[in-house]
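Fold and geometry: a report
Okay, here's what each chain looks like letter by letter:
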Amino acid sequence: MLSQNRQFQWFCNPTYIYPMVPASAATLLASRGHEVLWDDAIAQEMDHESWFARLRVERPDLIAMESKTPVIKRHWTIVDRIKRECDWGPKVALFGDHVTALPRESMDACGVDYVITGGDYDFVLADLCDALDHGGELPRGVWHRRGADVMSTGEPDVSHDLDQLPIIDRQLTQWERYAYKNGNFKYTPGTYVMAGRDCWWGRCSFCSWTTLYPGATYRTVSVNRHLDEVERLVTELGVREIFDDSGCFPKGQWLEEFCEGIIERGLHRKVVLGCNMRCGALSAEQWKLMKRAGFRFILIGLESMVQSTLDRLNKGLKVEQISQTLQWAKQAGLEPHITTMVGYPWETRAEAEQTIAFAKDMFSRGYIDTLQATIVVPYPGTPLFQEARENGWLTTEDWDDYDMKRSVWKSPVDEDDVMGFTQELYRAALSPSFLMRKVVSVRSVDDVRFFIRAGRKLFAHLADFSRT
């Protein structure tokens, strides 16, 4: 998985997440008169040679690619092949969290023409294309070449007004390719929106997107704009479920006005909603309001049940807030999904087992419906990576190894046990009491289909972390 991901992981069972910011970039470029080709060969399930053959047919002037740490070396190879074999001389740009953290690295490692830094690469890419078409200065946050020299236009601008973006053109960006193969959706077709960039907390030391969107730069679209986008998705495209993938959904007055607007427009009877939310952010009444507005799936990052780990990750919450939040969300009628991580370089086996025991307890109590378990990966640009480097924890800085197939740092728990802990977290969903509640809860064909899809995803995740 690549786009719209804070963490990278190879999946045995594919999930295609609609890439919100690249989709915004394509829409903005088209609105300014540029000819745009949406070229997501991953979601189109194309092999590399077929993709490259299509590139030769389309002959784009500029190829802009998102990259992440575990595939950056592959992308350097692709860039060099483009520069070597595409005789019409296309320019190539890279963007994403890895190149934002280490822009000079990619300029030195391959023949890329531009590295776009920062998270507002939709605005910056459009400004870059305007400059290439009409002349003028390059926008802020762009690394480029002047003869043999590598130059930078300075720090990226991440203060753009999000309401100035056109509402995303879903047809241009082939939204239906992402509408079905996605474990978050019970009701299909589904799609994504993004109310904010990116997380109003924005200080978690492990999150790669804090490199793109530091917490102090958090912005949202207006409530009415977001309501308009949801309404268009429902009435024009027949979308049945929408997940808002802001790092954390807006809280407080913005949240309440949005929920009330959904109800006033009658959209709560036509579409199901989901979002990311932090523990301790909402009151019991606000959770109930979200349920009335049609929310279902709530993704909550807890990461660990060890208070010292939460403190080191700068999560800004107490362990006791976690179970309270899950209980309130479940009592409101929502379906909480938790994310957990194992393999911290400071956690002992006993501490890792605390998180596993908590997940099992939450399943048995019925407070959570699903979970996501991952291995901790310290990405370049994050405070966690810097801490790991300073403490000598890293066992490799070969970016190919940062793909969750192995641990990349020293830990009191060996690598096989880290993989085993991840599988044990997924197996927590196989308790007889939890499975019986799921069977009893079936009310429709959609429920049956979702139950089957979720089962397939669960067993695929067990394979994702297999050592064989």
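These figures come from a predicted structure and were not determined experimentally. (Residues numbered from 1 in each chain as written. Predicted model: local features only at pLDDT ≥ 70, side-chain atom pairs only at ≥ 80, totals over all residues. Heavy atoms only, no water.)

**Comments concerning the overall build of the chain**
Scanning the chain from terminus to terminus reveals 17 helices and 13 strands. A compact globule built from 468 residues should have a C-alpha radius of gyration of about 23 Å, and the chain, at 22 Å, falls within 12% of that. C-alpha extents for the chain along the principal axes are approximately 65 × 55 × 40 Å. The buried share of the chain, taken over its 468 residues, is 58%. By sequence separation, contacts in the chain at least 24 residues apart represent 73% of the contacts at least 6 residues apart. A total of about 19,000 Å² of accessible surface is found on the chain, and carbon and sulfur atoms cover 49% of it. (Helix = DSSP H or I, 4+ residues; strand = E, 2+ residues; numbered from the N terminus. Rg over C-alpha atoms; globule rule 2.2 N^0.38 Å. Buried < 20%, exposed > 50% of the residue type's maximum accessible area, 1.4 Å probe, protein only. Contact = heavy atoms within 4.5 Å. Areas by Shrake-Rupley, 256 points an atom, 1.4 Å probe, with all protein chains shown as cover.)

**Thoughts on the sheet that holds strand β11 (residues 295-303)**
Reading across from one edge, β6-β9-β10-β11-β12-β13 is the order of the six strands in this open sheet, with parallel pairing throughout. Here the strands that pair on one side only, and so sit at the sheet edges, are β6 (190-193) and β13 (370-375). Strand-to-strand twist across the sheet, computed as the mean angle between neighbouring axes with direction ignored, equals 20°. The sheet contact formed by β6 and strand β9 (residues 241-244) spans four bridges and is parallel. Following the sheet pairing, Gly190 is matched in β9 by Glu241. (Pairing = 2+ DSSP bridges. Axes fitted to C-alpha atoms, helices over the stretch in contact; angles between N-to-C directions.)

**Things to note about the packing of helix α9 (residues 252-264) against helix α10 (residues 284-292)**
One way to put it is that α9 packs onto α10 with a least axis distance of 9 Å and a crossing angle of 30°. As far as their axial angle goes, α10 and α9 are roughly parallel. Considering only the axes of α9 and α10, their crossing is left-handed. On α10, the residues that touch Gly252, Leu255, Glu256, Cys259 and Ile263 of α9 are Gln286, Leu289, Met290 and Arg292. Counted by class, the contact of α9 with α10 contains five nonpolar, two polar and two charged residues. (Parallel < 35°, antiparallel > 145°, perpendicular 65-115°, else oblique. Left-handed = near helix turned anticlockwise from the far one by under 90°. Nonpolar A, V, L, I, M, F, W, Y, C, P; charged D, E, K, R; others polar.)

**Focus on the nonpolar core**
One finds Phe258, Trp287 and Phe295 to be the most contacted residues of the largest nonpolar core, which totals 147 residues. Residues within four places of Phe295 in sequence aside, it is in contact with Phe249, Phe258, Cys259, Leu273, Gly274, Cys275, Met290 and Leu334. (Core = buried A, V, L, I, M, F, W, Y, C linked by side-chain atoms within 4.5 Å.)

**What to know about the pairing of strand β1 (residues 62-66)**
Where a strand is regular, its side chains alternate between the two sheet faces. Judged from the five bridges that link them, β1 and strand β2 (residues 91-95) form a sheet pairing that is parallel. In the sheet register, Ile63 faces β2, and the bridge partner there is Val92. You can see the chain leave β1, run along helix α3 (residues 72-85) and come back into β2, and the turn it takes is right-handed. (Right-handed = clockwise from strand over helix to strand, strands pointing away.)

**Description of the environment of Ser222**
Its location among the elements puts Ser222 in the loop between β8 (219-220) and α8 (223-237). With 150 residues separating them along the chain, Ser222 and Gln372 place their C-alpha atoms 31 Å apart. What Ser222 contacts, discounting residues up to four positions off in sequence, is Asp163 and Trp254.

**With respect to the environment of Leu125**
For Leu125, the position within the fold is in helix α6 (residues 121-134). Judged by its relative accessible area of 7%, Leu125 falls in the buried class. In this structure the C-alpha to C-alpha distance between Leu125 and Asp400, which are 275 residues apart in sequence, comes to 27 Å. In this structure, Leu125 is in contact with Ala25, Leu29, Leu62, Ala64 and Ile116, ignoring residues within four places of it in sequence.

**Side note on helix α14 (residues 383-390)**
When we look at burial in α14, the residues that qualify are Leu384, Phe385, Glu387 and Ala388. Buried residues of α14 fall within an arc of 160° about the axis and therefore sit on the same side. Buried-residue contacts for α14 involve α11 (307-312). Two residues or fewer after α14 comes Gly392, characterised by a positive phi angle close to 70°. (Arc of directions from axis to C-beta.)

**Quick word on the pairing of strand β10 (residues 272-277)**
Along β10, six of the six residues are buried, which leaves the element largely enclosed by surrounding structure. Two strands pair when backbone bridges link them, and β9 and β10 are joined in this way by four bridges, in the parallel orientation. By the bridge assignment for β10, Glu241 is matched with Val272. Taking the sense of rotation as the criterion, the β-α-β connection linking β9, α9 and β10 turns out right-handed. Running through α10, the crossover from β10 to the neighbouring parallel element β11 is right-handed.

**Quick look at the sheet that holds β1**
Ordered by their spatial adjacency, five strands build an open sheet running β1-β2-β3-β4-β5, and the pairing between neighbours is mixed. Each edge of the open sheet carries a strand with a single partner, namely β1 and β5 (149-152). Neighbour-to-neighbour, the strand axes of this sheet turn through a mean angle of 20°, independent of strand direction. Bridging between strand β4 (residues 142-146) and β5 involves four bridges; their strand directions are antiparallel. Looking at the pairing, Arg146 lines up with Asp149 of β5.

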